[in-house]
Structures are given as structure tokens and as C-alpha cells.
Amino acid sequence: MGETDSFVAQGTAGDDFVYLAAFQQLVLERVHDLVTVMDPVGTIVYASPSWNTLLGLDPDAIVGTHFLDFVHPAEHETVAAALGEVRTGRSIEAVTTRLRTNDGRWISVENTGAPLHDAQGEVAYLLGTARDVTEREELSERVGEIDALYRVAETMARATSLGELFDEAIETLMQATGADRGAVLLYDDGGGDVMRFQAWRGLSEAYRMSTEGHSPWTPDTVEPEPVLVSDVAEAGFDGELEAAVRSEGIVALAFVPLVHGDRLLGKFMLYRDERHEWDARTIRLCRTIASHLASATLRTRGRTELQKSREQLETIMQTVDEGIVVQSSDGRLVYANEAAARVIGFESTAELLASNREETLARFDMLGEDGSPLLAEELPGRRALRGRPTERLVRYRVRATGDERWSIVRANPVRDAEGQIVMAVSVIHDVTAARAAEERVRFLAQGSELLNETLIYENTIGALADIAVPVFAGHVTVDLYEDGNLRCVGARHVDPRKTELMLRLREQYPPTVEAHPVQRAIRTGEPQFIPDVQAEARKMAHNDEHARAIRELGNTSGIVVPLIARGRTFGAITFGTVPPQPPFAESDFHLAVELGRRASVALDNALLYGEVEARAHAVEALEFVDDGVFLVDADGIVRLWNPAAAKAFRVKAVKALGRRVDEVIKDWERVSERVTSAPEPTAGAHPAETVPVDVQGEERWLSMSAVQFAGGTVYAFRDLTDERAVEQLKSDFVSTISHELRTPLAAIYGAALTLQRNDVRLEESQRSGLLDVISSEADRLARIVNDILWASRLDSGQMGIAIVSCNAIELVDKVIGALRAHSPVDVELAVDSPDELPPVAADPDKLRQVLTNLLDNAVKYSPDGGRVRIALRHSGNRIRFRIEDEGLGIPQAEQARIFEKFFRLDPNLTRGVGGTGLGLYICRELVYRMHGRIWVASDGRRGSTFTVELPVAS
Ligand code: ADP
């Protein structure tokens, strides 16, 4: 300081000193600068009045204190060094320090220092002047702060990741605050209550590890305040934390909360390696930066997340099956994902975006759902650009290939803040496959419906042809097995002229060649796909000519589906394509197989129906046959029961059907055991077994045979009861008749022999007695022979009847007269005739025969004698002849049967009375032939009454 030098020099000059001293005093009192004179060790010996004005300290009171006592501890060293400089005789300039005011504030001063020499030239005093530079310092600090804030802000704007942001922020803050180290810690992203180091400067891993869990606040602390530690020794940290801090060489720490809104995000740490009083300004700056940092953290986090989600979105866009297209307001394509490119028929998004719009559109025919052309303006994207969100089905036909695709396109306009449409986003959902499947299902449904509409198999084949040609195939052929031979039963070609050709060709060259797809399909039961028919033409042909014909038909591809139903392959359907139809594709194959399956069922049904029809006719016929027929299924249930069966078993069909056969037929077990069932229907006669069956207590003889089939067993039988009875009767008759004949013959023979004897002399009476025997026994023989003759004549239809008007009374009298001649004495014959009786219409000979027979029986079956009476009555237009006896009687049950040929009551019942069993039979037949009736009444114990009723002659 030059002036001071000259002042001292002048001070030592002489008389002007007093004046000068007063002047100095005046100057010193008025200068704002602090002027201090110290001895060489720094003890104040003079302080100017400005100590009072600037620092509030009494200049006199501070004399004797050390200058350093007023200097900010942080600057002691600097100031001490400066004082040392001056002590060696050098001046110093512009050392900025802070001095403590009386009320404990700090003000910044810029010091200059100069030595004061004594007369010997030694440094006797140190002179210091200090100018208040607080404002300037503050200004520069402000600039520093602003600069720091600016840098942080800039960093925040620039930083693309949180890590980068924190690094910059720490750097900046350390510079702005003079901290030695720094760190940013945040709570874990997803919550949690541990703050973790995100960025740091000058901290060891060990330190970070051991202090990470420590925080002066909990996550829910409201308005957390910075925590400032000037010296870790005084902070009262727990031992472990303190040890960690100390071993890291840290003395002072500042914990500044990072708060955004009400949320504590983390903290900002500043460290100093020496004791440090953190001043309010530093903390303010920290807090300001911390608050910026907090929002930047959130923002950056948000941005990172946005970036991440944008990446995700893009990934999604590129992987979704839906095409996504963004058009700008002028209709230009600005974005498209891979799927969109694929749907529209481009290799890649890039290729699509690079393409010209008009060219792209020209690749397709755009069609509406109904197949009508769709104007480009009506496409959903264009409509969206006009402000109308649109969703519609769009069909694209690729002009180059004819391939048709279906898409549901949903387009929405996107507006800017002013509501202007800036773009349209279209989502294209390719529904071609779904549509094809739907079409196919519809096609099949229609097909099934058509196929099931008829049960006539010719019509089924017609329906199949209608379904398949031309919608699905160019031609269809059906081959079926008939009696083991494959025969073409129907064909249809799109070109009707070729239908004929196809049929002819099939007839001439049936698909019997082993390599023929029809054979392959039938052999394996697997559908066959022939992508190129012409390539295989030679292989499937019988000969060259056949191969030529196949070529002439010009089929391109073919599918053969075997017809399989109920486990058997019964034919095959062949579908073929002919140009310009495209050849069959894989999907067509599945469709054909499906159609074939349905056709199998329909054809099988039709064939079955045909059989059932035929069978139904057979069943109808069964209604009329005399043979009993019934069907018993595998479960023993009666499934068929014809009227003859109903009659034989006396069970109506309605009662028998659906019931167990053993409930319908008594003793079924025994019957079915005896009837051996043939395993299969045979053309010849099956072995029939005649078995007795109990029908409501009556034994009937059935000749039964059985045939098994898949559905059960058919039994057929003939009721042989009557025949059997006749047979029985016939054999009985033979034995009876021989007996009946032998008895009179023996009597005649005996009488004749006796008459012939010469050695015996017979009395006249004896002779006439023997002759009587001969005549009566001959008469008896004649009668037997007569009966047989009558019966045989009746049977052979040779009996002539001549009905005339007869006098019944006269006729009865004659018969009685003849009877009386040889009737036993113990039988009383009586006639009861009215005086007047209308004439009866009858053949008199036959009527006489009838009455004779009845009266003979009445006498014959009255072995104990009694009265036999014949009564004549007129009843309406009938004449009744009633023959009553008091004889053996006839049991009720046998009354119907006694009129049957050869029928005789049990010998026990007739007490051995002989007979042929023909008499009543002859009566019945004759009476019927004379248009009359005959019946019997008897209580079965005593007496019988036979009545014959004949018309009155007109
Ligand atoms: P037959 O030669 O055995 O008399 P018919 O046909 O005349 O043959 O009679 C059949 C059977 O009817 C006889 O065998 C007898 O058992 C029974 N019959 C017929 N008439 C009488 C009667 N009046 N009283 C009892 N039984 C009779």
C-alpha cells in the first residue's frame, strides 16, 4: 500500500506531524474501511471507528485482542499466512475473509496488509485495511448459485438417464457448495423404505455398504428438513454409523431431502472432510437443486418409462397379428406394422411405406362384404380422415393371384389440441381364415342339409353333385360296391357333355387298377389327395387308350374320399378340378374329407333305407302268411309278431311286441331249447322241430324253425295241432274201424260156419236165429261201410244235394219205423210231431241219413236203456228236429269236437260203445249243405239233445 508507505515516511518528517495526525484522525474516522494496526504477532493495537459502524464492535475494547478472533474459522489459515507474509516485510492484497459481527453474523471483507517499519527498518507493526465486500461476495455467490442452478437445469434437460442426471447434479453441487464429496440416494422405485446410492463422488464401497440403510427421515416424514452435521463427533450418531463416517475421513455432513410434492423421494448428501458450519445459503441452494432434482427424477423416471413403454408398444405393434396403419391427414401412410404390410401384400413395413399409394391400391380389387366394388374413398381410413370413425368388412382381391382376403378394418381419427384431424389410425384384422372356415361350415351345413333331405339313394347322389359342382369341384363321381363289384352309380361334370364321357369311361375302365386313387382310398380307408392328376394318368390307367381319355378329360387335381359307414367301406367319392378352376389346396382336401364323411352317412342311410323298405315289404307280407313268424332280439324282447303268431298263441301283436318272449310264450325256455336256430338264413328248408306248446291250457303242436341274425332270432312256425289231431284220429280210426269191422265179421263168420256144419243138427228156430245174426251184423257192416262212403264222398266234394220240399212228419215216421225194427227192447222210442207243419227244404235222402245217424247214436249211447224222443217244431221260417236221449251225455268241453271227422269220445266215457267217429261229421256236413244248422246240448252227465234246424220250404 503505497500511500501508507509515504504516510509513514512523512510521519517521520517533522513539524507537519501534528496536523497530519489530526488529518489522519479525521480520515480514519470517516473511512468506511476497517483500519487495524497490529503488533507483529497479530494483537490489535489500534482499531478504527469503522469497526464499530461495520461490525458493531468498540474499537477501544478490541485493542489487545487477536485479529484472528474475528476471522471465520474456515479462513484462519489463510489470514494467518497473510499476516506472516506482512511480518516478513511484504504487502499483501485482496485476501477475502469473513469477519464476525458483534451479533454473530459474518460479513465478507477484502483485506490488504502492509508492514510498518521502525527507525531501524525492522517491521514494528502490521497495518491492515479491510473493505466490506459482502454485497459483492453475495452477488458473486448468487451468480455462482444461479450458475449452479442453470447447470443443474441444463443437465436435467440434457440427461437421458437418471444416472447421468445425478452425476451432473453432484458435480454441480459440489462446485457450488465447496463440498468434498457428494451422493444421491433414492428410495427403491417400487416403494420400500431403504434409500440406495444412485450416484456418488469420493465414497468407498465399504462406506456406501455400511451407511445405505441410514436416513434421518422415514418415507412418510411430513416436510422433512435438512439435517446438518458440522462435526460427526458432536452429531450423536450411533457407534457403527459414526465409525463408518470417521473411517471414510468425513467430518461434516449435510442431509438434504429430495421432495416432490408431499413425497420424500430420497436425499442429497454433501460431505466435508473437515469440520464445517453449513451455512443457510448452501442449504438453500441444496434444497433448490434437490427440489429440481426431485422433479427431474420423476420426470426422467417417467421418460424412461415412457421410452420403455414406447419400445414395448413398438414390439407389440410388430408382433401383433392385427395390421396397424397410420395415415397423415393427406392420406399418406406414415406408419405401418409388419402385420399391416403382410395383409396388404408387402414383404416388409419398409417396402410398404416406400410404395406409392396409387400403385398399392392398384394391386387390389376392393370389395364390400357383398362383393360389390368399394371406392377408395369409402375405405375406413379415408372415412376416419373425414372425421368418421368407421369399422367395416373389406375384401381385397389380389389382382395378380386372384387370392381373396377378408379383413375387418377399424379406423379412428386422431385430432390435435385444436380439434383438427391430423391422422387416422386403422387396425386391420385379417379374418380370411375365420371367414373361410365360416364359409366352409356354411357349405358343409348346406351340404348336410341337402344330403339329408332325401333317403332315396339316387337322390342323395344327385344332392351331392348339386353341392359339389361347380362350387367346390369341377366334377364328382360316386362308386359303390354292388354285390362285391365296384360300380359307378353317379357322376356330374361342370360341362354336361363331359358327364356322359365320364360315365362311359368309368364303365369301360372301372377304377380297379391297384394304383388308382379310388383303389388306394378303398384299400387303406384313407382319403387320397392327387395334386396333379395328369402326372399320374398313366399309373392309374388300364392301358394307353384309357390314359389318353384321362388326358382328354383334363382334370388337374383330385381328391378321393372312401365311403365308410358302420365299419365297412362301401365305395368312394371322387372330386376333381378342371380348368379354369384352381387345383385343390390343402384346405380343400379337409373340406372334401368332411363332405365325404357326410355323404358316407347320407348314402349309407339311403342304402339302409332301401333295404329297410324292402324289409318293410317283407314284414307286410308276413301279415298275410299262414305261418306264424316272430322275431326275438338279442335281449329276448319280441320285436315282430305276425297275425298268424297272434292267432296261434292267442296273444295280440300289441300285447306281444316289446315284451319278453318268455312272458308271451309259456314254457319258452323248453321250446327254444328244442328249436335249434340256424346261424344264417339258408335258402333251403331249415330243420324244423315239432314242439308242443301250452296255449292257455291247451296243447298246441307247432313245427318251429329259427334263424339267427345280427339283431336277434327269427322264429317261423306252422300250427300242426289240427293236422296232428287228424293224424292221430286217422290212426285211431284205423284201429277202431278194424275192430268195428272184425266184430260183425266174426259174428257172421261164426253163424255161417255153424249153419254149414253137417255133424250138428240145428233146430229151425236156431237156424233162423243164426240167419238173423248174419243179416243184422251184415247190416251193421253195411252201415259202417256206408258211413265211410258218405264221408269220403263229402270230402271229395262228390256229394250231390238236391233240395226239395219234403214232408218232415212223414220222413220222421219212416225213420222211426226203420229204427224200431232193430232197436233194443229197453229203449223206448217216441215221436212228438205237431198235426200241421210246413214243408221243409231238404234233400230227403240226406235228411233221412242225418236223422238216422242222430237217432242211432241216441239209442247206442243209452246203454242202460231209456227214452229216445224225436220232436218236430216249426220256429219262424225254420223247422227244428230235436232228438233227445237219456243216455251217457257229452261233456261240455267235447261238444264242439264231436262233429269233427273221426272224433270219438274217450272209450271210458262211452262204455265201450263202438263207432267210426264219422256219423256226426256226416250229419254236420249234410246239414250245412242243406243250409241248416246242427248243435248239441248236454249237461255231460245224463242225456243229450241234438237239434237240426232247416229252412221251411218256400
Ligand atoms: P260214432 O260212430 O263213434 O258214434 P259219431 O260221429 O256218431 O261216431 O259220434 C261221435 C261221438 O259222439 C261218439 O263216439 C260218442 O262218443 C258221442 N255221441 C254221439 N251221440 C251221442 C249221444 N246221443 N249220447 C252220448 N254220446 C254221443
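Residues numbered from 1 in each chain as written. Predicted model: local features only at pLDDT ≥ 70, side-chain atom pairs only at ≥ 80, totals over all residues. Heavy atoms only, no water.

Undergrad: Tell me about the overall build of the chain, and please be specific about residues and values.
TA: Per the secondary structure count, the chain includes 32 helices and 34 strands. Taking all 954 residues of the chain together, 43% fall into the buried category. Put simply, of all contacts in the chain between residues at least 6 apart along the chain, 56% involve residues at least 24 apart. (Helix = DSSP H or I, 4+ residues; strand = E, 2+ residues; numbered from the N terminus. Buried < 20%, exposed > 50% of the residue type's maximum accessible area, 1.4 Å probe, protein only. Contact = heavy atoms within 4.5 Å.)

Undergrad: An account of the site of the ligand is needed here, citing residue identities and associated values.
TA: Around the ligand sit 20 residues, and of these Asn857, Tyr861, Asp885, Arg904 and Leu920 come closest. Separating a nitrogen atom of the ligand from a side-chain N or O atom of Ser944 is a distance of 3.4 Å. Summarising the interface, the protein chains cover 98% of the accessible area of the ligand, which totals 520 Å² for the free molecule. Breaking the shell around the ligand down by element, the ones donating at least two residues are α30 (844–860), α32 (919–929) and β34 (944–951). With three residues, α30 is the largest single contributor of residues to the shell around the ligand. Residue composition of the shell around the ligand, grouped by class: nine nonpolar, eight polar and three charged. (Near = heavy atom within 4 Å. Polar contact = N/O pair within 3.5 Å; in protein donor to acceptor, adjacent residues only side chain to side chain. Areas by Shrake-Rupley, 256 points an atom, 1.4 Å probe, with all protein chains shown as cover. Nonpolar A, V, L, I, M, F, W, Y, C, P; charged D, E, K, R; others polar.)

Undergrad: Can you explain the sheet that holds β34? Please cite residues and give values.
TA: The strand order β29-β31-β32-β34-β33 describes an open sheet built from five strands, whose pairing is mixed. Because the sheet does not close on itself, it has two edges, and the strands there are β29 (827–832) and β33 (933–938). If you compare each strand with its neighbour and ignore which way they point, the axes differ by 15° on average. Relative to β34, strand β32 (residues 878–884) runs antiparallel, the two being bridged by seven bridges. What sits directly across from Arg878, in β34, is Pro951. (Pairing = 2+ DSSP bridges. Axes fitted to C-alpha atoms, helices over the stretch in contact; angles between N-to-C directions.)

Undergrad: Any chance you could break down the packing of aromatic side chains for me, citing the residues and the numbers?
TA: Applying the stated criterion to the full structure yields 18 aromatic pairs. Centre to centre, the rings of Phe899 and Phe946 are 6.2 Å apart; their planes meet at 75°, and the pair counts as edge-to-face. Of this pair, Phe899 sits in the loop between β32 and α31 (907–910) while Phe946 sits in strand β34, and the two are 47 residues apart along the sequence. As far as the burial class goes, Phe899 and Phe946 line up, both buried. Following the ring pairs from residue to residue traces out a cluster consisting of Phe630, Trp641, Phe649, Trp668, Tyr715 and Phe717. Between the NZ or CZ atom of Arg363 and the centre of the ring of Phe346, over which it lies, the distance is 4.1 Å. Of note, Arg793 hangs over the ring of Trp790, and the distance from its end group to the ring centre comes to 5.2 Å. (Phe/Tyr/Trp six-rings, centres within 6.5 Å; stacked < 30°, edge-to-face > 60°. Lys NZ or Arg CZ within 6 Å of the ring centre and 35° of its normal.)

Undergrad: Can you lay out the pairing of strand β17 (residues 475–482) for me, pointing to particular residues and giving the numbers?
TA: Most of β17 is tucked away, with six of its eight residues classed as buried. The antiparallel pairing of β17 with strand β18 (residues 485–493) creates a hairpin that spans two residues between the two strands, and Asp483 there sits at a positive phi of about 50°. Of the pairings in the sheet, the one linking β17 to strand β21 (residues 568–576) comprises six bridges and is antiparallel in character. Bridging from a neighbouring strand, His475 pairs with Gly576 of β21.

Undergrad: Give me the lowdown on the pattern of salt bridges, citing residues and values where you can.
TA: This model, assessed by the stated rule, comprises 50 salt bridges. Taking the shortest distance from any N to any O, the salt bridge between Arg650 and Glu698 comes out at 2.9 Å. Here Glu698 lies in strand β26 (residues 698–709) and Arg650 lies in the loop between α23 (643–649) and α24 (653–656), a separation of 48 residues in the sequence. Note on Arg650: relative accessible area 38%, which makes it partly exposed. (Salt bridge = Lys/Arg side-chain N within 4 Å of Asp/Glu carboxyl O.)

Undergrad: Give a description of the nonpolar core that names residues and reports values.
TA: Ranked by size, the top nonpolar core spans 53 residues in total, and within it Leu847, Leu851, Leu854, Phe881, Ile898 and Leu950 carry the most contacts. One finds Leu464, Ile467, Phe570 and Leu591 within the second-largest nonpolar core, a separate group that totals 33 residues. (Core = buried A, V, L, I, M, F, W, Y, C linked by side-chain atoms within 4.5 Å.)

Undergrad: Can you tell me about the sheet that holds strand β6 (residues 181–187), naming the residues and giving the values?
TA: Strands sit in the order β7-β6-β10-β9-β8 across an open sheet of five strands; the sheet is antiparallel. Two strands in the sheet have a free side with no partner beyond their single neighbour: β7 (195–201) and β8 (227–229). Within the sheet, the average angular offset between the axes of one strand and its neighbour, ignoring direction, is 20°. Bridging between β6 and β7 involves six bridges; their strand directions are antiparallel.

Undergrad: Tell me about the side chain of Arg520, and name the residues and values.
TA: Positionally, Arg520 belongs in helix α19 (residues 517–524). Among the polar contacts made by the side chain of Arg520, one reaches the side chain of Gln528 at a distance of 3.0 Å. If we ignore the near neighbours within four places in the chain, the residues touching Arg520 are Glu514, Ala515, Gly525, Gln528, Ile530 and Glu536.

Undergrad: Account for the pairing of strand β14 (residues 390–398), naming residues and giving values.
TA: Pairing of strand β13 (residues 364–367) with β14 involves four bridges; the strand directions are antiparallel. Among the inter-strand pairings, Met366 is bridged to a residue of β14, identified as Tyr396. Where β14 and strand β15 (residues 404–415) come together, eight bridges link them in antiparallel fashion. For Tyr396, the partnering residue across the bridge sits in β15 and is Arg405.

Undergrad: Give a description of the confidence of the model for the chain that names residues and reports values.
TA: Residues with a pLDDT of 70 or more make up 88% of the chain, whose mean pLDDT is 82. Low pLDDT (under 50) marks residues 1–16, which in the prediction has ten contacts with non-local residues, meaning those over four places away or in another chain. (pLDDT = per-residue confidence, 0-100.)

Undergrad: Run through helix α21 (residues 544–553), naming residues and quoting values.
TA: Buried residues of α21: His546, Ala547, Ala549, Ile550 and Leu553, and no others. Take α21 and look down its axis: the buried residues cluster within an arc of 160°, on one side only. Within α21, the exposed residues directed more than 90 degrees away from the buried face are Arg548 and Glu552. Looking at where α21 begins, the residue whose side-chain oxygen comes 3.1 Å from the main-chain nitrogen of Glu545 is Asn543. Downstream of α21 by one or two residues, Gly554 has phi in the positive range, about 70°. (Arc of directions from axis to C-beta.)

Undergrad: Account for the environment of Pro257, with residues named and values stated.
TA: For Pro257, the position within the fold is in strand β9 (residues 252–260). Taking relative accessible area as the criterion, Pro257 reaches 6% and is therefore assigned buried. Leaving out residues up to four positions away in the same chain, Pro257 has contacts with Trp217, Pro224, Glu225, Pro226, Leu264, Gly266, Lys267 and Ala290.

Undergrad: Explain the packing of helix α27 (residues 721–756) against helix α28 (residues 764–796) to me, and be specific about the residues and the numbers.
TA: Taken N-terminus to C-terminus, the directions of α27 and α28 make an angle of 155°; their axes are 9 Å apart at the nearest point. Relative to α28, the element α27 lies roughly antiparallel. Regarding α27 and α28, the two cross each other, and that crossing is left-handed. Considered class by class, the residues forming the contact of α27 with α28 number 18 nonpolar, two polar and four charged. (Parallel < 35°, antiparallel > 145°, perpendicular 65-115°, else oblique. Left-handed = near helix turned anticlockwise from the far one by under 90°.)

Undergrad: A description of the side chain of Gln519 should follow, citing residues and the corresponding values.
TA: You can see Gln519 is positioned in helix α19. The exposure class of Gln519 is buried, given its relative accessible area of 15%. Residues within four places of Gln519 in sequence aside, it is in contact with Leu486, Pro511, Thr512, Val513 and Glu514.

Undergrad: Please provide a residue-by-residue account of the packing of helix α29 (residues 808–822) against α30, values included.
TA: Axis separation between α29 and α30 bottoms out at 10 Å; the angle between their running directions is 45°. Classified by the angle their axes make, α29 and α30 are oblique. Considering only the axes of α29 and α30, their crossing is right-handed. Along its contact with α29, which presents Leu811, Val812, Val815, Ile816 and Leu819, the element α30 presents Pro844, Leu847, Arg848, Leu851, Thr852, Leu855, Asp856 and Val859. A class-by-class count of the residues in the contact of α29 with α30 yields ten nonpolar, one polar and two charged.

Undergrad: Please set out α19 residue by residue, giving values where relevant.
TA: Most of α19 is tucked away, with six of its eight residues classed as buried. Every buried residue of α19 is accounted for by Pro517, Val518, Gln519, Arg520, Ala521 and Ile522. At the C-terminal side of α19, Gly525 shows a positive phi close to 75°.

Undergrad: If you had to explain the environment of Ala706 to someone new, which residues and values would you point to?
TA: Examined against the element boundaries, Ala706 turns out to sit in strand β26. In this structure Ala706 comes out as buried when scored by relative accessible area, which is 1%. Placed 17 residues apart in sequence, Ala706 and Glu689 show a C-alpha to C-alpha distance of 9.5 Å.

Undergrad: If you had to explain the environment of Ile408 to someone new, which residues and values would you point to?
TA: Within the secondary structure, Ile408 sits in strand β15. Residue Ile408 is classed as partly exposed on the basis of its relative accessible area, which comes to 28%. Expressed as a C-alpha distance, the spacing of Ile408 and Pro380, which sit 28 residues apart in the sequence, is 9.7 Å. Those residues within four positions of Ile408 in sequence are excluded, and the remaining contacts are Glu391, Arg392, Leu393, Val427, Ile428, His429 and Val431.

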